[in-house]
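Fold and contact review
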Amino acid sequence: MDYKTARSFLIYQGTSSDQNTDAFLVRLKQRKAPIPGQVTSLLLALKVVFEALRTTSALDRELVYSLYLLSLESRQHFDAGLLAGVDWPPLLSEDLKRISRAVKSIFAGVWHSE
């Protein structure tokens with residue numbers, strides 16, 4: 001995956017538009033589990049973007065907004081689903097932590113693996 005593909009993928013997955021019915025955030029908002037492989041693809045794209053931007057001093061607004069939404073709203077939708085009794089996949093909570101750490105890494109320019 002190259003930077004351009006990773007960037008586009010993250011923006012699509014982090015878009016809250018109901019037109020993107022298979023987007024990560026939309027699925028969580030609808031209290032549906034991610035599509036198999038979707039989290040793995042997200043984490044790969046985040047790593048590619050990190051590598052491409054780690055020495056960059058400025059980030060583009062559209063990408064930053066999508067990263068912010070992926071990090072914040074995914075957890076909010078997950079927690080709301082828990083309160084509503086959704087039976088999420090067992091590792092989804094840990095996956096959301098990994099996504100948040102990867103986003104933090106992109107913003108900081110240093111990879112946070114813990």
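Residues numbered from 1 in each chain as written. Predicted model: local features only at pLDDT ≥ 70, side-chain atom pairs only at ≥ 80, totals over all residues. Heavy atoms only, no water.

**A short note on unusual backbone geometry**
What you tend to see is this: most non-glycine residues have negative phi, and most peptide bonds are trans. Even without glycine at this site, R31 takes up a positive phi of about 60 degrees. In this fold, R31 is placed in the loop between α2 (24-29) and α3 (38-53). (Helix = DSSP H or I, 4+ residues; strand = E, 2+ residues; numbered from the N terminus.)

**Digging into the side chain of H77**
Relative to the helices and strands, H77 resides in helix α4 (residues 61-83). A residue is classified by how much of its surface remains accessible, and H77, at 17% relative accessible area, is buried. Contact partners of H77, with chain neighbours within four places excluded, come to L25, L28, K29 and W88. (Buried < 20%, exposed > 50% of the residue type's maximum accessible area, 1.4 Å probe, protein only. Contact = heavy atoms within 4.5 Å.)

**Focus: the environment of V39**
If you trace the backbone, V39 turns up in helix α3. Judged by its relative accessible area of 10%, V39 falls in the buried class. For the pair V39 and L96, spaced 57 residues apart in sequence, the C-alpha separation works out to 8.6 Å. Here V39 is in contact with F24, P34, L92 and D95, once residues within four sequence places are set aside.

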